Amino acid sequence: MSAMLAIATVELRRFLRDKSNIFFVFIFPLLLILLLGSQFGAGSGQARVAIAGPGSALAQALTAKLQSAGVAVTASGENAARADLSRGRTDVGLFLDDADGAAFDAGRPAELDVVMASQSSAQAVLQQVRTAVQAVGLERSQLAALAGAGIPEYRARPALDQAAAQVAVPTVEIVDTNDMAQEFRGLGKFDLGAAQQLLLFVFLSSLTGAATLIQARRFGVVGRVMSAPVSSGQVVAGQALGRFAIAFLQGGFIMAGTALLFGVDWGNLWLSALVLVLFCAVAAAAAMMVGSVIDNDTAAAGVGVGGGLVLGGLGGCMVPPEFFPEALATISYVTPHRWAYDAFAAIQRRDGTLGDILPQLGVLAGMATALLLLGAWLLRRSLSRAL
Amino acid sequence: MVANDLRQRVRDKSVFIFSLIVPLALMGVLSLVFGGLGGDTVDLKPATVVASADDADQLGAALLGAVDSLEIMDVTIKRVPAADVRSETRASGAALGIIVPEGFSNAVLSGQAAPVQLVEGNGASLETGVLISAVQAVLDQFAAGTVTAAAGGISGLPHQELAALAQQAAAGPRLLTLTEGQAAAEQLSLRGTLVAGQAGLFLMFTVGFGVLGLLAEREQGTLARLRSMPVTGVTVITAKACTGFILGVVATTVLLTAGSQLFGVSFGSPPVVAALILAVVTAATSLTFVVARLVRTAEQANVAQSILAMVLGIAGGAFFPVQGTGFAATLLDLNPIGAFIRGLGISAGGGSLGDVAGPVVVMLAFAAAGLLLSRLLPDRGAQA
């Protein structure tokens, strides 16, 4: 037991001593969570409209109407707006000129030039612009109708304001939002990204760490250790424990760091920690397998980066699996990431209890056991080969 | 020396893993997982709307008629009783459910509250958003009529004139109309961005094999052996850089070609794409010189290369588009991978060599800055 712990401690100490690990393992995940939170977190995906042209009452009215509909409006020059459109930095550009402003002021019809960016989401924003333009036009039509009935503008405006306050108008009431909105309701800006990046990076670091196992074999370190009164079982267990300790340290750091720095709510900490423990066990066992079957450490790094990213993507660490097509969502359950993601989702979003996440914990424990046994067998075989 | 290095790298499985297998696998997986976020076209899909409204209700019928005849998308309206709208919307996968309340017309005309209830569909969220906005537009029109009639009343107009006034305000000729123009597309499609982004990201790893070779030779003592021969230090370094450059150009070309075939994307004119590849590989190679000066061992070089590749790749939009404003936007624009993806976007939209001059200049300027920096930095490797 002491030999096993000693090997694991040496693994952990070697890992921490290497300063280059600090960036990838501790800093990079937090940076990515910050970036993802600011790009995709709550409040992201806001529609963006650029209004180009001289300032006018029309531009002001449109800006106010669009902003009240939750659209982010920027005022810019024509060239800047076209450049933004071409690069997808804004969804819709509305190009107004002096003639448009003058026509609007005089209550005459005006044709406004509108350009939509090429991303698919721009269609929905264009419809919002159509609705806003129509609403602004309607306000003018109201004044025109009253003017036609002999009421001058200075009397018509207050009358319209008074009427708007007195009468009830038909409204839209969304009584049932879609499942997707319900699923992510209540999640903080960084909550989703934190769980995704935690799983992605713990697994990625574990797999790429497999290279150290190969080096230990190639440089004869393992052979040397086994010349001491240490059994191959203890070496295998020590290596596995070392990989597990590194993974858990990284996972624990990301959890604590995101909770303290970004206010991520991990729900019930004991349950989240339990999910992390089992996920780290799977990651460590997977690293053992890679470290045992590949003899070239550069190739193992390639497999580690590739495997870590591919499995992470498939397991919902890049795009939430709720957005996956049905067949892919089913396939995603071959990855441990998906089971851990579901467990975190239950704890974070629905205050899930131990009973709620038992199936996910069971599968993760099963995966860890199977991979650990296989990894240990492969490592023991490769150790005897190395000797 | 270059030929020998290339032979060694080709024998080494890691080149193929990093340069081809991993990026292609990632392109495949990312293309699958991003598939659910929306297609590559801007066209709206045909949508079904489950609705309930009293047949005799004039404004309710007008509302559904307006939704049914939307020009921008093909809408099919399925009428069901009000109690079934929610379940039917869910069961049929419709984009939206609309429940027009009983006595809607009377409520609207008499200025009483008349909320139109909407049930969001679970499927196409983009189409749902468009439909909700379209319903809002129709209700705005009804509201304009009601408010104008009330304002007429407040202003002392006779009661019998108010209906015509409301009609005129709500359904008169539109004062503001929109004329749709076209934007120059400098953006790649979703799949195109994935292919270009992964090619750019893994290029950083590929060109690194040149400098890694140099450090490996130093560690193994073969570099000293090389120096004992009539070969200058500059020749050795240039040979390593050439190895990285050639591997980068070949891997990026193969990745873009394979990616465009597998994922059905086109990057436009081959000479323009070739210019972009040469520029981005030059930029990436210059970075390896900086890394070579900074690190002492091949392992450190591996880590430094990976850090730079991931930071530049993610910031450049290899996984998802990164938007910034002000200084952050300028910083993002100077990223060679971002410039490469932007350049490919311009060429995919039919841009010529002149049109991609901006991104090419950014990449070459980055290369020049990298080379300059590598000259200025002390060589820690040589000190090791």
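Counting starts from 1 at the beginning of each chain's written sequence and moves along it residue by residue. Ligands are numbered from 1 and chains lettered from A, in the order in which they are written. The model is predicted, so local features are restricted to residues of pLDDT at least 70 and side-chain atom pairs to those at 80 or more, both for listing and for counting; the totals for chains, interfaces and linings are taken over all residues. The side-chain quantities take in all heavy atoms of the structure and omit both hydrogens and water.

**Some thoughts on the overall build of chain A**
Then, number 1: The secondary structure content of chain A amounts to 17 helices and five strands.
Then, number 2: Radius of gyration here is computed from C-alpha atoms only, and the compact-globule reference equals 2.2 Å multiplied by the residue count raised to the power 0.38. By the compact-globule yardstick of 21 Å for 387 residues, chain A is too spread out, its C-alpha radius of gyration being 30 Å.
Then, number 3: On the principal axes, the C-alpha backbone points of chain A span a range of 105 × 45 × 35 Å.
Then, number 4: The proportion of buried residues among the 387 residues of chain A is 53%.
Then, number 5: In this description, contact between two residues means that some pair of their heavy atoms is separated by no more than 4.5 Å. Long-range contacts, defined here as pairs at least 24 residues apart, represent 77% of the contacts in chain A between residues at least 6 apart.
Then, number 6: If you sum the accessible surface of chain A, you get close to 16100 Å²; carbon and sulfur atoms cover 61% of it. Helix and strand labels come from DSSP, where a helix needs a run of H or I of at least four residues and a strand needs a run of E of at least two; each type is numbered from the N terminus. Only protein chains enter the accessibility calculation, which uses a 1.4 Å probe. A residue is then buried if its area is under 20% of the maximum for its type, exposed if over 50%, and partly exposed in between. Each accessible area is a Shrake-Rupley estimate made with a 1.4 Å probe; only the visible protein chains count as cover when residues are assessed.

**A few points about the packing of helix 9 (residues 191-208) of chain A against helix 16 (residues 336-350) of chain A**
All names here are of chain A.
Then, number 1: Close contact between helix 9 and helix 16 brings their axes to 10 Å; oriented N to C, the two are set at 150°. For the element pair helix 9 / helix 16, the angle class is roughly antiparallel. The way helix 9 lies across helix 16 gives a crossing that is right-handed. Residues Asp 191, Leu 192, Ala 195, Gln 196, Leu 198, Leu 199 and Phe 203 of helix 9 pack against Pro 336, His 337, Ala 340, Tyr 341, Phe 344, Gln 348 and Arg 349 of helix 16.
Then, number 2: Here the residues of the contact of helix 9 with helix 16 sort into nine nonpolar, three polar and two charged. Lines fitted to C-alpha atoms define the axes, with helix axes restricted to the stretch in contact, and inter-axis angles between N-to-C directions lie between 0 and 180 degrees. Angular relationships are summarised with four words: roughly parallel below 35 degrees, roughly antiparallel beyond 145, roughly perpendicular across 65 to 115, and oblique for the angles in between. Left-handed describes a crossing whose near helix is turned anticlockwise from the far helix through less than a right angle; right-handed describes the clockwise counterpart. Amino acids outside the nonpolar list (Ala, Val, Leu, Ile, Met, Phe, Trp, Tyr, Cys, Pro) and the charged list (Asp, Glu, Lys, Arg) are all regarded as polar, and Gly is one of them.

**Examining the packing of aromatic side chains**
Residues and elements named next belong to chain A.
Then, number 1: When the centres of two rings from Phe, Tyr and Trp lie within 6.5 Å, Trp using its six-membered ring, the rings pair. Their planes under 30 degrees apart give stacked, over 60 give edge-to-face, and anything left gives tilted. Evaluation of the coordinates by the stated rule reveals nine aromatic pairs over all chains.
Then, number 2: Taking NZ or CZ as reference, Arg 82 lies 4.3 Å from the ring centre of Phe 95, over its face.
Then, number 3: Each ring is checked for a lysine NZ or an arginine CZ that lies within 6 Å of its centre and within 35 degrees of its normal; such an atom marks a charge sitting over the ring. Above the ring of Phe 104, the side-chain terminus of Arg 140 is found at 5.0 Å from the ring centroid.

**Let's talk about unusual backbone geometry**
With the exception of glycine, the majority of residues adopt a negative phi angle, and the majority of peptide bonds are in the trans configuration.
Then, number 1: Backbone geometry at Asp 351 of chain A places phi at a positive 50°, although glycine is not the residue there.
Then, number 2: Residue placement: Asp 351 of chain A occurs in the loop between helix 16 and helix 17 (354-386).

**So, the pairing of strand 3 (residues 96-99) of chain B**
Residues and elements named next belong to chain B.
Then, number 1: Along strand 3, one buried face is formed by Leu 96 and Ile 98 and the opposite face, lined by Gly 97 and Ile 99, is buried too.
Then, number 2: Paired strands are those between which DSSP finds at least two bridges. Taken together, the four bridges between strand 1 (residues 47-52) and strand 3 define a ladder with parallel strand orientation. Each bridged residue has a counterpart across the sheet, and for Ser 52 the counterpart in strand 3 is Ile 99.
Then, number 3: Note: strand 3 against strand 4 (residues 115-120), four bridges, orientation antiparallel. Across the sheet, Ile 98 pairs through a bridge with Leu 118, a residue of strand 4.

**Things to note about the interface of chain A and chain B**
Then, number 1: Residue-level contacts link 94 residues of chain A with 95 residues of chain B.
Then, number 2: Each partner contributes to the roughly 8400 Å² buried at the junction of chain A and chain B, and carbon and sulfur atoms together form 66% of this total.
Then, number 3: Salt bridge, as used here, is a side-chain nitrogen of Lys or Arg placed within 4 Å of a carboxyl oxygen of Asp or Glu. Between Glu 180 of chain B and Arg 130 of chain A there is a salt bridge, and its shortest N-O distance comes to 3.4 Å.
Then, number 4: A 3.5 Å cut-off defines polar contacts: any pair of N or O atoms within that distance qualifies, except that in protein one atom must be a possible hydrogen donor and the other a possible acceptor, and neighbouring residues in sequence count only when both atoms are side-chain atoms. Across the contact surface, chain A and chain B share 17 residue pairs in polar contact (both at pLDDT 80 or more).
Then, number 5: Those elements that place two or more of their residues in the side of chain A that touches chain B are helix 2 (20-40), helix 4 (78-86), strand 4 (110-116), helix 6 (122-148), helix 7 (153-166), strand 5 (171-176) and helix 14 (297-314) of chain A.
Then, number 6: Among the elements that line the side of chain A that touches chain B, the one with the most residues is helix 6 of chain A, at 19 residues.
Then, number 7: Classifying every residue of the side of chain A that touches chain B by side-chain character gives 53 nonpolar, 27 polar and 14 charged. Buried area, as used here, totals the accessible surface that two parts lose on assembly, with accessibility defined by a 1.4 Å probe and the loss added over both.

**What about helix 5 (residues 98-106) of chain A?**
Then, number 1: Within helix 5 of chain A, the full set of buried residues consists of Asp 100, Gly 101, Ala 103 and Phe 104 of chain A. Projection of helix 5 of chain A onto a plane perpendicular to its axis shows the buried side chains occupying an angular sector of 165°, all on one side. In this structure, helix 5 of chain A carries Asp 98 and Ala 99 of chain A as exposed residues pointing more than 90 degrees from its buried face.
Then, number 2: On its buried side, helix 5 of chain A packs onto helix 3 (57-68), strand 3 (92-95), strand 4 and helix 6 of chain A together with strand 5 (176-182) of chain B.
Then, number 3: Taken from the residues just after helix 5 of chain A, Gly 107 of chain A is the one with a positive phi, measuring 75°. Regarding the arc, it is the one traced by the directions from the helix axis to the C-beta atoms.

**Some points on the environment of Glu 78 of chain A**
Residue and element names in this part refer to chain A.
Then, number 1: Residue placement: Glu 78 occurs in helix 4.
Then, number 2: As for Glu 78 and Ala 59, which are separated by 19 residues in sequence, their C-alpha atoms are 14 Å apart.
Then, number 3: The contact partners of Glu 78, leaving out residues within four places of it in the chain, are Ala 52 and Phe 95.

**Some remarks on the pattern of salt bridges**
Pairs may arise between side chains of opposite charge once their charged atoms sit close together.
Residues and elements named next belong to chain A.
Then, number 1: Enumeration over the complete set of coordinates arrives at nine salt bridges over all chains.
Then, number 2: The residue Glu 322 makes a salt bridge to Arg 349 at a minimum N-O spacing of 3.0 Å. Of the two residues, Glu 322 is situated in the loop between helix 14 and helix 15 (326-331) and Arg 349 in helix 16; the sequence distance between them amounts to 27 residues.

**With respect to the state of the cysteines**
All names here are of chain A.
Then, number 1: Cysteine sulfur pairs qualify as disulfides if the two atoms are within 2.5 Å. In the structure shown here, the tally under the stated rule is zero disulfides over all chains.
Then, number 2: Cys 317 provides the cysteine sulfur closest to Cys 280, a residue in no disulfide bond, and the two sulfurs are 13 Å apart.
Then, number 3: Cys 280 gets classed as buried once you look at its relative accessible area, which sits at 0%.
Then, number 4: Overall, Cys 317 belongs to the buried group, its relative accessible area being 1%.

**Here we look at the packing of helix 8 (residues 190-220) of chain B against helix 14 (residues 336-348) of chain B**
Residue and element names in this part refer to chain B.
Then, number 1: Across the interface, helix 8 lies against helix 14 with an axial gap of 10 Å and an inter-helix angle of 145°. Crossing of helix 8 against helix 14: the hand is right-handed. Along its contact with helix 8, which presents Thr 193, Ala 196, Gly 197, Gly 200, Leu 201 and Met 204, the element helix 14 presents Pro 336, Ile 337, Phe 340, Ile 341 and Leu 344.
Then, number 2: Tallied by class, residues from the contact of helix 8 with helix 14 come to eight nonpolar, three polar and no charged.

In short, the description is geometric, and any link to function would need to be established separately.
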